[in-house]
Amino acid sequence: MSENSDPQVATSTLQGEKFVYDFTEGNKDLKHLLGGKGANLAEMTNLGLPVPPGFTITTEACNIYLASGAEPAALRDEVSAHLDALEQKMAKRLGQADDPLLVSVRSGAKFSMPGMMDTVLNVGLSDASVAGLAAQAGDERFAWDSYRRLIQMFGKTVLGVDGDLFEEALEEAKRAKKAATDVDLETADLKKLVEGFKKIVSREAGRDFPQDPREQMDLAVRAVFESWNTDRAKLYRRQERIPGDLGTAVTICSMVFGNLGPDSGTGVAFTRDPAGGHQGVYGDYLQNAQGEDVVAGIRNTVALAELEHIDKKSYDRLMGIMETLETHYRDLCDIEFTIERGQLWMLQTRVGKRTAGAAFRIATQLVDQGLIDEAEALQRVNGAQLAQLMFPRFDENTKRKLLGRGIAASPGAAVGKAVFDSYTAIKWSRSGEKVILIRRETNPDDLDGMIAAEGILTSRGGKTSHAAVVARGMGKTCVCGAEELEVDTKSRRLTADGTVIEEGDVVSIDGSTGKVYLGEVPVVPSPVVEYFEGRMHAGADDADELVEAVHRIMAYADRRRRLRVRANADNAEDALRARRFGAQGIGLCRTEHMFLGERRGMVEKLILADTDDEREEALGALLPLQKKDFIELFEAMDGLPVTVRLLDPPLHEFLPDITELSVRVALAEARKDHNENDLRLLQAVHKLHEQNPMLGLRGVRLGLVIPGLFAMQVRAIAEAAAERKNAKGDPRPEIMIPLVGTVQELEIVRDEAEQVIAEVERATGVELTLALGTMIELPRAALTAGQIAEAAEFFSFGTNDLTQTVWGFSRDDVEASFFTAYLEKGIFGVSPFETIDRDGVGALVRSASEAGRATRPGLKLGVCGEHGGDPESVHFFHEVGLDYVSCSPFRIPVARLEAGRAAASSAGSDSR
C-alpha cells in the first residue's frame, strides 16, 4: 500500500463485494471480472481437466487499487481465506521450510494482451525454504534453479531492477563454467548465482530480497495491478483499441514444475495451425524447463509431435484434452501446459490468435464439423482480415534495405522506379515502366499520375490526406507522412539517412506496415483479388482452399445482410470493377473528377466568362462531354442506381496555383511579353481566393451563384438516361445536391432541375424517373433534416465533411499537427475520420435519419463518406437503419462482409 494513500478511500466500497474467486467458482463467461486467464482456468476446472488449484483476484480490485492507491479493505482477508483453503487442499503452507507451497502470480485481462503485463513464478521460496523444496523434489539443483528464477523475475518485475543486470550475471556464470546453456550450470554454480542476484537486488532496489513468503505474494499482486498502466500496455491497448478502464485480474496458482528433469517439461499447443488453419499437431515442447524458457527462446524447443516419442502417455492425454477444449470452445484454442514427472497439468487456454487466412479457413471448417452455424462463422472473421487478404504483399524470405517508415495509409506492396511528378509517372508508365510516385504531398492535379503509378509515397500527410483517401479508393498502395525522407521534387531526388534515391532508382513500399525499401522486393499476388475480379472461381481446379473459404463466408454475409453496398465511382472502368466486386449501384459519382485533365481549360473559360453568351458557350462545350460520361456510367451500372453528385469543390481548384501564376505573370511583365489570358486568370484567382475555401463558395452555393451550371449537369444526366432508355437500357440515375444547409437552397435547385428534366422528356419523348436528394454534411442540415426531407427523396450522409464541421477539424491539417497527441492522451482511441464518432457525428446521423423519415416515411438513407467502407462504422449504420453504404470499389467486399456480420450480430442479440 502506498505510504501517501488514504486507506479510507478503499474502505468506502460496498462491504458485500466479492474480490476473490476460487477456480471452482468461475467460468469462461466471467472474463470481465476474472480476466481471460482466470475465467478459462475456472472453465477447465469445471470440465474436470487437470488444473493446479488456485484463485483469482478480480479486475474490480485492480481498478480500485489504481484509482485510490490502496487495495480494497476486504481484499487482504479474502486473499488470506482463499490462501488458507489452497494450503489445506495442497497439504502444505506457502513458503514453509520443510515442504513449501509455491505459487505463480500472473496477470490476465479481459482481452488477451500477450507479454504486455507481468508474471512472477515460484513465489514463496526463500533462504529458509529452498532446502525443503530440494528435499521434497529430491533434486537440489532444481530447487536452487527455481530460487534464482524467482529473484530474477521478482527483482525485475516487482522491484524495478534492470533485467539486464541479472542476464549479465547469468552469462558470466555460464562463461566461468564454460556452459552452453543455463541447464549446464550445477548446484554450486546456482547457489553462487543466487547470492549474486540478492546483492544486485540490495544494491539496485535499496532493500533486501523479501524472505517473508506472504510479503512476496502481496508485492507481486500489486506489481501486476500496476503493470496495467505501463507504457507498453497502454501502447498495446491503443493499437488494439482495448478500453483503458478494464483493469487486469490476478491469478494465484499453485506451482507445478517442468524443470524437475527429463521426465518434466513445458509447452505451448494449438488445436489447429494458427498460420494456415489446417488441423494437425501444432506447438512446441521443451524438456526440463519452466514456461518462460519457451517464450524467451533461451533454448531450442522441439515440435510438439516429438512429445509422442518423449512421453507417449502425456502426449495422448494432451491430444484428448485439446479435442475437448476445441469442441467446448468451438474454436481454435491456444494452450499452455506443463508436465511434472509424467503428470500433465493445464496452465492456460484461450481462443487463439490466427492469421487472416487461417481465420477464414477455420470458420468454414467449424461449420462443416457442425460446431458453429453460418451466423457464428461470420463473427469469427472480420473486414480487416479480408482487406489484408486482398492486397499483394512482399515476399518475407528476401533480404531488403530499409530506407524509412511512414504511415501505412493504403495496404499492399508496390515496386517501381522513383518519379517525382505526375507527368513523368504517366510518360514512363505508358512506355511500360512501373513507377512509384513520390511527392511531399499530392493534390487533385496528381490524379492521373497516381493512377499511372504502382504506388504513392509522400513525406507529408496522414491516413486521411488526399494521397491516402484517393489511393484507398483506387486500391493503390500508399505510404504517407514518411517525415524522415527528404523529398526534393525540383532536384528529383529523395534522401534517406545519407542514401540518395535519384529519379529512376527502384524503390519498394509496403502500405501495410509503412516501410520503404531500397531496390526491388519480390511481390506475391493475392488470389483473393483474382477471385473478386472474376479471374479465379471458387470450386475451380486453380482455386485454393483460401479462395473457397472466402467465397463461402461472403455467401453467408450476402444472405444475411440488410444493408446494400454501393460504390464511390466516377467513371465506367471503376463502375465495372465495383460491379465485379459485388456493388449494388453507385452511391457517389463525383462529377468534379470529370472536369480535370484536358477539360480543365474549358472550366477556366466558364470561370472567366464575363457575359451570359460566354458562359453559355462554355457550358455548351461541357454538356456533350458530361453526357458521354454519364452514358458510359449508366451502361456499366445498367439496372442499378447511380447517385450523381453535382459539382462540389470550390472553383479555385480548377485554376492554376496562385503563386505559380503570379510568378508567371511577373516574369512575362519583366520581359514585356504580356499574356492576356494569364492576367485574366490571375484576376479570377484573386477574386475567388478564400481564407477557408472548404466553407466558402462550393456545393449548392455554386449552383445558386453561377447561372446554368447545375442545369447543364442535370440536362447531361437526363439526356444520357433518355438515350440509354431508347437503347433498351435500364438507367436509374439519382441527382444529389451537395452541401445543403437549409431547405430553401434545395427547393430552388430542385425546381430548376425539374424544369430541365421536363424539357428533356418533351424533347426526347422518353419518360424519366430521376430521384432528387441531398447530402447531409453540415450540422445545420442534420438538425433541420425534417424540413429538408420535404424537398428530398433521399439523404446521403457525407460523413467526411460532417466530421470536419462537427469537430471543427481541417482534415488535411489535423492528423499531422496534433492527432498523435490526442491519441496518446486518450482523447479519442481512433481518428474520427477513420471510424464514425458515434457520440457526436453518429448522434447527428441518427437524429437526422429519424427526423427525415418522420417527414417522409419512404426516405432512402445512405452514406458515401470514407466511413462507408470502415468495418466498425458499417455496424453503426446497420444499427441506425440506413439502407446502404457506399465506398471505394476495393472496399466493397469488406463492406459486404461487415454488413452481413452486423445483421448476424443483431439477430443474435435479439434472440437472446
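Residues numbered from 1 in each chain as written. Predicted model: local features only at pLDDT ≥ 70, side-chain atom pairs only at ≥ 80, totals over all residues. Heavy atoms only, no water.

Undergrad: Account for the overall build of the protein chain, with residues named and values stated.
TA: Secondary structure assignment for the protein chain yields 36 helices and 31 strands. Overall, the protein chain is about 105 × 65 × 65 Å in size when its C-alpha atoms are taken along their principal axes. In the protein chain, the proportion of contacts linking residues at least 24 apart, taken out of those at least 6 apart, comes to 68%. For the protein chain, the exposed area adds up to about 38600 Å²; of that, 47% sits on carbon and sulfur atoms. (Helix = DSSP H or I, 4+ residues; strand = E, 2+ residues; numbered from the N terminus. Contact = heavy atoms within 4.5 Å. Areas by Shrake-Rupley, 256 points an atom, 1.4 Å probe, with all protein chains shown as cover.)

Undergrad: Tell me about the pattern of salt bridges, residues and numbers included.
TA: One side chain can pair with another of opposite charge once the charged atoms of both are near each other. Considering all chains together, one arrives at 62 salt bridges under this definition. For the salt bridge of lysine 198 with aspartate 127, the shortest nitrogen-to-oxygen distance reads 2.9 Å. Pair noted here: lysine 198 is in helix α8 (residues 187-205) and aspartate 127 is in the loop between β4 (119-123) and α5 (130-137), with a separation of 71 residues, a long-range link. Where salt bridges share partners, they join Glu533, Glu573, Asp574, Arg577 and Arg580 into one cluster. (Salt bridge = Lys/Arg side-chain N within 4 Å of Asp/Glu carboxyl O.)

Undergrad: I'd like a description of the sheet that holds strand β20 (residues 499-502), backed by residues and values.
TA: Taking strand neighbours across the sheet as the criterion, the 3 strands line up as β18-β19-β20 in an open arrangement whose pairing is antiparallel. Sheet topology places β18 (486-488) and β20 at the edges, where each strand pairs with a single neighbour. Going across the sheet, the axis of each strand differs from the next one's by a mean of 15°, ignoring polarity. Of the strand pairs in this sheet, β18 and strand β19 (residues 493-496) are connected by 3 bridges, and their pairing is antiparallel. Counted as the bridge partner of valine 487 is leucine 494 from β19. (Pairing = 2+ DSSP bridges. Axes fitted to C-alpha atoms, helices over the stretch in contact; angles between N-to-C directions.)

Undergrad: Mind laying out the packing of aromatic side chains, listing which residues take part and the relevant values?
TA: Within the structure shown, the criterion is met by 24 aromatic pairs. Both rings, one in phenylalanine 142 and one in phenylalanine 257, keep their centres 4.9 Å apart while their planes meet at 80°; by these two values the pair is edge-to-face. A residue pair is termed long-range when its members are at least 10 positions apart, and phenylalanine 142 in helix α6 (residues 140-157) and phenylalanine 257 in the loop between β5 (248-254) and β6 (265-272) qualify at 115 residues. Residue classification places phenylalanine 257 among the buried positions, given a relative accessible area of 8%. Relative to tyrosine 517, the ring of phenylalanine 394 has its centre 6.1 Å away and its plane inclined at 90°; by these criteria the two rings are edge-to-face. Remark: tyrosine 517 occurs in strand β22 (residues 515-518) and phenylalanine 394 occurs in strand β11 (residues 393-394); sequence separation between them is 123 residues. Since its relative accessible area comes to 7%, tyrosine 517 is described here as buried. Feature note: the residues Trp807, Phe809, Phe818, Phe819, Tyr822, Phe828 and Phe833 constitute an aromatic cluster, connected by ring pairs. Directly above the aromatic system of tyrosine 21 lies the positively charged group of lysine 18, at a separation of 4.9 Å from the ring centroid. Lying over the aromatic face of tyrosine 884, arginine 566 brings its terminal NZ or CZ to 3.9 Å of the ring centre. (Phe/Tyr/Trp six-rings, centres within 6.5 Å; stacked < 30°, edge-to-face > 60°. Buried < 20%, exposed > 50% of the residue type's maximum accessible area, 1.4 Å probe, protein only. Lys NZ or Arg CZ within 6 Å of the ring centre and 35° of its normal.)

Undergrad: I'd like a rundown of a negative patch on the surface, residues and numbers included.
TA: A grouping of Asp162, Asp164, Glu167 and Glu168 is seen on the molecular surface, where their side chains present a negatively charged patch. Residue position: aspartate 162 is located in the loop between α6 and α7 (163-177). (Patch = residues over 30% accessible without salt bridge, like charges linked within 9 Å, V, L, I, M, F, W, Y side chains within 5 Å. Lys, Arg positive; Asp, Glu negative; His and termini not counted. Charge placed at Lys NZ, Arg CZ, Asp CG, Glu CD.)

Undergrad: Break down the pairing of strand β14 (residues 413-419) for me, with residues and values.
TA: Looking along a regular strand, one sees the side chains alternate between the two faces of the sheet. Burial analysis of β14 places 6 of its 7 residues in the buried class, which makes it a mostly covered element. Bridging between β14 and strand β21 (residues 506-510) involves 5 bridges; their strand directions are antiparallel. Pairing of alanine 413 across the sheet is with aspartate 510, part of β21. In this fold, the crossover linking β14 to strand β15 (residues 435-439) by way of helix α17 (residues 422-430) has right-handed handedness. (Right-handed = clockwise from strand over helix to strand, strands pointing away.)

Undergrad: Outline a nonpolar patch on the surface, listing residues and values.
TA: Taken together, Leu704, Val705 and Ile748 make up a surface patch of nonpolar side chains, about 270 Å² in accessible area. For leucine 704, the position within the fold is in helix α27 (residues 700-705).

Undergrad: Outline unusual backbone geometry, listing residues and values.
TA: Excluding glycine, most residues fall at negative phi; most peptide bonds, likewise, are trans. Look at asparagine 122: it is not a glycine, yet its phi comes out positive at around 65°. Inspection of the secondary structure assignment puts asparagine 122 in strand β4. The backbone of arginine 492 sits at a positive phi, close to 55°, despite the residue not being glycine.

Undergrad: Please provide a residue-by-residue account of the side chain of aspartate 421, values included.
TA: Position of aspartate 421 relative to the elements: it lies in the loop between β14 and α17. Among the polar contacts made by the side chain of aspartate 421, one reaches the main-chain amide nitrogen of tyrosine 423 at a distance of 3.1 Å. In this structure the side chain of aspartate 421 is engaged in a polar contact, spanning 2.6 Å, whose partner is the backbone nitrogen of threonine 424. (Polar contact = N/O pair within 3.5 Å; in protein donor to acceptor, adjacent residues only side chain to side chain.)

Undergrad: Outline the sheet that holds β14, listing residues and values.
TA: As summarised here, the arrangement of the 8 strands in space is β12-β22-β21-β14-β15-β16-β17-β13, forming an open sheet in which the pairing is mixed. The open sheet is flanked by β12 (401-405) and β13 (407-410), the only strands paired with a single partner. Along the sheet, successive strands turn relative to each other by an average axial angle of 30°, direction set aside. Bridge analysis of β21 against β22 gives 4 bridges, and the strand direction is antiparallel. Its bridge partner being in β22, serine 508 is matched across the sheet by tyrosine 517. In this fold α17 packs onto β14 and β15, with an angle of close to 110° to the strand it touches most, β14.

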